[in-house]
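Listed here are the chains, written in short residue letters.
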Amino acid sequence: MYETKYHRASSADEAVKLAGSADDGQFIAGGQTLIPTMKQRLASPSDLVDIRNIDAMKGVNVDGNKVTIGAATTHAEVADAPQLRAVCQGISDLAGHIGDPAVRHMGTIGGSVANNDPAADYPAALLALGAEIITNNRTISADDFFTGMFETALEDGELITSISFTVPDKSAYSKFPNPASRYAMAGVFVAKGGDGVRVAVTGAGSDGVFRHAGMEEALGSNWSADAVADADVDEAMMLSDIHGNAAYRANLVRVMAKRAVAAAG
Amino acid sequence: MTTVSMTVNGKEVSADVEDRTLLVDYIRENLKLTGTHVGCDTSQCGACVVHVDGKAVKACTMLAAQAAGSEVVTIEGLANGGDLHPVQAAFHEHHGLQCGFCTPGMIMTAVDMIERAKASGQKLDEATIRSELEGNICRCTGYHNIVRAIEAAAG
Ligand SMILES: Cc1cc2nc3c(=O)[nH]c(=O)nc-3n(C[C@H](O)[C@H](O)[C@H](O)COP(=O)(O)OP(=O)(O)OC[C@H]3O[C@@H](n4cnc5c(N)ncnc54)[C@H](O)[C@@H]3O)c2cc1C
Ligand code: FES
Ligand code: FES
């Protein structure tokens, strides 16, 4: 790891100031992506601004049909929040299956979303739930936020402070984890709510998380696992690597979609 | 250099380290507590698991500076003098190790898993134990006796 300077922020404003006044400052939340990346010398921030101790950025709040999750809330805290499980089991289950227990104790929803790994789980949930990503200076819809592999609409130095979404009528997530890394080979989040049906796919797309219009339409008129069994998944859009080729991933997407709909009930 | 202070196994400790120092290096190099192991450089093997403020974390994927002010427990902090911690005793009894390289991380993960299960009133069955061990890799045992030891310790 290259040298770096560590700072601990106690408020979102302080974090943004500290990162902004550094040469090449970066936020560090759980560090579960950033530290491995720095160890490989693929990232070399001059300054790290720790946002894990900012109380205002932590916690899960359910108010009527609106859910707000602080960006620095860990995966374990999301998975274990009973008030969230009661209204949106899909996201609770998803959080409880990210990586392993030690990763879930440190990794945060904000870090996961900001990183937008093409195999990360949360991007699928946020896209399917039509979530809003709230930063220190604006609100971005999930549809506009995820712009490609490891790419987001965030500007340099912009801090995600929370995520919010409307409680869906039904939701579920089904993931086929890579047996070594536990990241998704394909993960499908289905949600049915006021805006109709939304289906988001992670792990499989060569351009990161995406919505599947064909499955959304099919499920809109017939909410059943059968409705997506023969969905047309474009192999040309799929990742193809040593873990699985495009045809394999396209099939996994259909299977995960079927399982997710069945689990949502 | 920054002075990083924390509590490790109940003792207040302090050392001047570079900001990029990993918690695992702080524990091994500065405190000379070498029970915490490093088995990979990809955050996947779990040999380095310690407890920070009561939670199992990978000490190779945390900066010492991030843990400043925290309560840390390492494998050396479990036994009470000559009396092994019940999970250590169960690993001994059920032969939950061969070379022993993964064992500190396995035991720290097991203690954390048992405490969380107790707190939530959940019974630790074999399937749950196996999925909770996803972040801990063992090259020797085939996991069978590790799972048995944890089942026994969980009661
Ligand atoms: C062994 C292992 C297995 C894993 N398995 C999975 C898995 O199955 N599924 C999965 O989805 N993920 C997995 N992960 C990744 C994990 O979920 C990370 O926690 C997550 O991707 C990043 O969150 P973090 O809080 O650790 O972010 P960090 O590593 O601290 O930061 C990641 C990036 O996001 C930026 N950032 C962090 N917080 C904010 C914020 N609030 N606003 C703006 N930018 C911010 C940082 O500057 C950095 O660029 C795994 C990781 C490991 C080590
Ligand atoms: S050394 Fe920490 S996970 Fe392998
Ligand atoms: S006992 Fe040798 S690695 Fe587990």
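That block above? That's the structure.
Remember, it's a predicted structure, so these values are computed and weren't measured experimentally. (Residues numbered from 1 in each chain as written. Chains lettered and ligands numbered in written order. Predicted model: local features only at pLDDT ≥ 70, side-chain atom pairs only at ≥ 80, totals over all residues. Heavy atoms only, no water.)

1. Some points on the site of ligand 1
Here comes step 1: Contacts to ligand 1 come from 32 residues, most closely from Gln26(A), Phe27(A), Leu34(A), Thr108(A) and Arg182(A).
Here comes step 2: Neighbouring residues of ligand 1 are distributed over chains A and B.
Here comes step 3: Between an oxygen atom of ligand 1 and a main-chain N or O atom of Thr33(A), the distance comes to 2.9 Å.
Here comes step 4: Contacts to ligand 1 include Leu34(A), whose backbone N or O atom sits 2.7 Å from an oxygen atom.
Here comes step 5: Its free accessible area being 970 Å², ligand 1 has 95% of it covered by the protein chains.
Here comes step 6: Looking at the shell around ligand 1, the elements with two or more residues in it are strand 2 (25-28) and helix 7 (109-115) of chain A.
Here comes step 7: Among the elements that make up the shell around ligand 1, the one with the highest residue count is helix 7 of chain A (four residues).
Here comes step 8: Residue composition of the shell around ligand 1, by class: 13 nonpolar, 14 polar and five charged.
Here comes step 9: Both of domain 1 (5-39) and domain 2 (57-264) of chain A provide at least three residues apiece to the shell around ligand 1. (Near = heavy atom within 4 Å. Polar contact = N/O pair within 3.5 Å; in protein donor to acceptor, adjacent residues only side chain to side chain. Areas by Shrake-Rupley, 256 points an atom, 1.4 Å probe, with all protein chains shown as cover. Helix = DSSP H or I, 4+ residues; strand = E, 2+ residues; numbered from the N terminus. Nonpolar A, V, L, I, M, F, W, Y, C, P; charged D, E, K, R; others polar. Domains from an automatic or database assignment.)

2. Some thoughts on the packing of helix 2 (residues 86-93) of chain B against helix 3 (residues 103-120) of chain B
All names here are of chain B.
Here comes step 1: Remark: helix 2 packs on helix 3, axes separated minimally by 9 Å, with the N-to-C direction vectors making an angle of 125°. Taken together, the axis directions place helix 2 and helix 3 in an arrangement best described as oblique. Crossing geometry of helix 2 relative to helix 3 is assigned as right-handed. Residues Val87, Gln88 and Phe91 of helix 2 lie in contact with helix 3, whose contacting residues are Thr103, Met106, Ile107, Ala110, Val111 and Ile114.
Here comes step 2: Considering only residue class, the contact of helix 2 with helix 3 consists of seven nonpolar, two polar and no charged. (Axes fitted to C-alpha atoms, helices over the stretch in contact; angles between N-to-C directions. Parallel < 35°, antiparallel > 145°, perpendicular 65-115°, else oblique. Left-handed = near helix turned anticlockwise from the far one by under 90°. Contact = heavy atoms within 4.5 Å.)

3. Thoughts on the sheet that holds strand 1 (residues 5-8) of chain A
All names here are of chain A.
Here comes step 1: Pairing is parallel across the open sheet formed by three strands, whose spatial order is 1-3-2. A single partner strand is all that each edge strand has here, and the edge strands are strand 1 and strand 2. Between one strand axis and the next, the sheet turns through 25° on average, direction left out of account.
Here comes step 2: The pairing of strand 2 with strand 3 (residues 47-50) spans four bridges and is parallel. Residue pairing across strands places Ile28 opposite Asp50, the latter belonging to strand 3.
Here comes step 3: Across the sheet, helix 1 (residues 12-20) lies against strand 1, strand 2 and strand 3, angled at about 145° from strand 2, the strand it touches most. (Pairing = 2+ DSSP bridges.)

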